[in-house]
Amino acid sequence: MSIRLDNFMDLYYQQEVNVMKRDQMELRKKLQQLLGTFSFPQTDKKQSRIEVKEFASYKRERYLIPSLRGLMIPTYVLTPKSNNKAFETVIALHGHGYGSKEIVGLREDGTENTGEPGIHQHFAVELVKRGMKVFAPEVIGFGERRHSKDLANNMANSCYSLATLLLMSGKTLAGLRVAETRHLLDQLKEFSDVDCDRIGLMGFSGGALVAAYASALDRRVKATVLTGFTNTFKGSILHTNHCIDNYVPGILRYGELPDYISLICPRALFVESGLRDPIFPVETTKKAIEELKEIYDRLDLKEQFMFDLFDGGHEVSGRSAYDWLTSNL
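Residues numbered from 1 in each chain as written. Predicted model: local features only at pLDDT ≥ 70, side-chain atom pairs only at ≥ 80, totals over all residues. Heavy atoms only, no water.

Asker: Which parts of the structure should I look at to understand the overall build of the protein chain?
Answerer: What the protein chain contains, in helices and strands, is 10 helices and nine strands. Here the protein chain has a C-alpha radius of gyration of 19 Å; the compact-globule value for 329 residues is 20 Å, and the two agree. With the C-alpha coordinates of the protein chain rotated into their principal frame, the extents come out at 65 × 50 × 40 Å. Burial status across the protein chain gives 53% buried among its 329 residues. Nonlocal contacts in the protein chain, meaning residues at least 24 apart in sequence, comprise 71% of its contacts between residues at least 6 apart. When the accessible area of the protein chain is evaluated, it comes to approximately 15,500 Å², of which 52% is carbon and sulfur surface. With 42 positive and 42 negative side-chain charges, the protein chain shows a spacing of 4 Å between the two charge centroids. (Helix = DSSP H or I, 4+ residues; strand = E, 2+ residues; numbered from the N terminus. Rg over C-alpha atoms; globule rule 2.2 N^0.38 Å. Buried < 20%, exposed > 50% of the residue type's maximum accessible area, 1.4 Å probe, protein only. Contact = heavy atoms within 4.5 Å. Areas by Shrake-Rupley, 256 points an atom, 1.4 Å probe, with all protein chains shown as cover. Lys, Arg positive; Asp, Glu negative; His and termini not counted. Charge placed at Lys NZ, Arg CZ, Asp CG, Glu CD.)

Here's what the structure looks like:
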């Protein structure tokens, strides 16, 4: 008699995961229920600009944008220097690391990073240099938005602190992050140079999780780039130890990860992943890509779905994704 968990876990997964094909509307509604809902009541607080810096081809500003229950979302806003009256606009969502500074060209201490950009590749800067206006919010639980005890203990993030509180109240950290992203979509109309008909999302790793679910739920997003995330639950977050922010109670009962990502269809979707990504292994990324490609092909939407498997690890590439996003907004 085996005392190992291997067989039990494989059988349990097979019995619990429900890949019965559902109507998109039904699955979208179920995803929202699983993530949990958050309300953003009217507030007298207004967004305020707290920093500005000029560069040769763009301007970088930082705003505080009101969120829920007194929270503020520090958000870098990168605007091209051009004569455009309205820009195609991207919300750029960072992954695990030191926060939004990591994607706008700054070191953790706030100084300009002129050296190697790291795994995020300063992708917000790469997007603004291609003519898009970019909003880079500090995802809750990272950077300046960590809990005081986590800051005092030099913890890299507050994912555990936030997730355990939310789980015990019947909600999820993924749900809160998705809700804040959709709230930011609401706030874009306050910027007169944003073309609200041409809005995209790009996320890396944990930021791609948020981008995937936000795009699945919100049809205002015209085009989405997911990098370092697209996979199956079984092949990634159930295969390797991941941050608690990836785990949504009950989500396996209604589908696998490609089923939820497919809710972005018929809108444009680009998947990017490194061939040597150790936490989102390429073999199951390929499986997810095939499932997504089949859905887009079946609906005669071949041009709406693209992917790039590049020679790299868990990192942003952008070699095709940046220009694809420009052409799809």
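So much for the structure itself; the text now carries on.
Asker: Help me understand the packing of aromatic side chains, please; the structure alone is not making it clear to me.
Answerer: In this description, an aromatic ring pair is defined by two values, namely the gap between the centres and the angle between the planes. Here the structure, examined in full by the defined rule, presents eight aromatic pairs. Judged by centre distance (4.7 Å) and plane angle (15 degrees), the rings of phenylalanine 55 and tyrosine 58 are stacked. Relative accessible area serves as the criterion here: at 6%, tyrosine 58 is assigned to the buried category. Geometrically, the ring pair formed by phenylalanine 305 and phenylalanine 307 is tilted, given 6.3 Å between the ring centres and 35 degrees between the ring planes. One cation-aromatic arrangement involves lysine 171 over phenylalanine 38; the distance from NZ or CZ to the ring centre is 5.2 Å. (Phe/Tyr/Trp six-rings, centres within 6.5 Å; stacked < 30°, edge-to-face > 60°. Lys NZ or Arg CZ within 6 Å of the ring centre and 35° of its normal.)

Asker: Whenever I open this one, the packing of helix H5 (residues 159-168) against helix H6 (residues 173-187) confuses me. Can you help?
Answerer: Helix packing for two helices is described by the angle between their axes and how far apart those axes are. Contact pair H5 / H6: the axes reach a minimum separation of 8 Å and the direction vectors enclose 100 degrees. As summarised for this structure, H5 and H6 are arranged roughly perpendicular, according to the angle between their axes. In this structure, H5 contributes Cys159, Leu162, Ala163 and Leu166 to the contact, and H6 contributes Leu173, Leu176 and Arg177. Per-class residue counts for the contact of H5 with H6 are six nonpolar, no polar and one charged. (Axes fitted to C-alpha atoms, helices over the stretch in contact; angles between N-to-C directions. Parallel < 35°, antiparallel > 145°, perpendicular 65-115°, else oblique. Nonpolar A, V, L, I, M, F, W, Y, C, P; charged D, E, K, R; others polar.)

Asker: Mind showing me how you'd approach the packing of H6 against helix H7 (residues 206-217) here?
Answerer: Interaxial distance between H6 and H7 falls to 9 Å at its minimum, and their mutual angle equals 60 degrees. In terms of crossing hand, the pair formed by H6 and H7 is right-handed. Facing Ala174, Arg177, Val178, Thr181 and Arg182 of H6, the residues of H7 in contact are Leu209, Val210, Tyr213, Ala214 and Leu217. Each residue belonging to the contact of H6 with H7 can be placed in one class, and the counts come to seven nonpolar, one polar and two charged. (Left-handed = near helix turned anticlockwise from the far one by under 90°.)

Asker: How do you make sense of the sheet that holds strand S3 (residues 72-80) when you look at a structure like this?
Answerer: Within a sheet, each strand pairs with its neighbour through backbone hydrogen bonds, oriented either parallel or antiparallel. Ordered by their spatial adjacency, nine strands build an open sheet running S1-S2-S3-S5-S4-S6-S7-S8-S9, and the pairing between neighbours is mixed. In this open sheet, the two strands that pair with only one neighbour each are strand S1 (48-54) and strand S9 (305-310). Neighbour-to-neighbour, the strand axes of the sheet open up by a mean angle of 20 degrees, direction not taken into account. In this structure, strand S7 (residues 223-227) lies alongside strand S8 (residues 268-274), joined through five bridges in parallel fashion. Pairing of leucine 226 across the sheet is with valine 271, part of S8. Most of the contacts of H7 go to strand S6 (residues 194-204), to which it runs at about 140 degrees, and overall it touches strand S4 (87-93), S6 and S7. Here helix H9 (residues 282-298) sits on the sheet in contact with S8 and S9, set at roughly 165 degrees to S9. (Pairing = 2+ DSSP bridges.)

Asker: Just to check I follow, could you spell out the side chain of serine 273 for this structure?
Answerer: Examined against the element boundaries, serine 273 turns out to sit in strand S8. When sequence neighbours within four positions are dropped, the list of residues in contact with serine 273 reads Gly228, Phe280, Thr285, Asp308, Leu309 and Phe310.

Asker: Sorry if this is basic, but what is going on with the pairing of S6 here?
Answerer: Working note: regular strand, side chains alternate between the two faces of the sheet. The buried count for S6 comes to eight of 11 residues, which makes it a mostly enclosed element. Two strands pair when backbone bridges link them, and S4 and S6 are joined in this way by six bridges, in the parallel orientation. The residue bridging valine 90 from the neighbouring strand is glycine 200, located in S6. Direction of pairing for S6 relative to S7: parallel, over a ladder of five bridges. Each residue of the ladder has a partner; that of glycine 203, found in S7, is leucine 226. Note that the unit made of S6, H7 and S7 has a crossover that is right-handed. (Right-handed = clockwise from strand over helix to strand, strands pointing away.)

Asker: I tried to follow H9 on my own but got confused; where do I start?
Answerer: For an α-helix, the turn length of 3.6 residues means that residues three or four places apart are oriented alike. With 17 residues, H9 extends 24 Å between its outermost C-alpha atoms, agreeing within 8% with the 24 Å of an ideal straight helix rising 1.5 Å per residue. Within the span of H9, buried status applies to Val282, Thr285, Ala288, Ile289, Leu292, Ile295 and Tyr296. Burial along H9 is one-sided: seen end-on, the buried residues are contained in an arc of 135 degrees. In this structure, H9 carries Glu283 and Arg298 as exposed residues pointing more than 90 degrees from its buried face. (Expected span 1.5 Å × (residues − 1). Arc of directions from axis to C-beta.)

These figures come from the coordinates and say nothing about function on their own.
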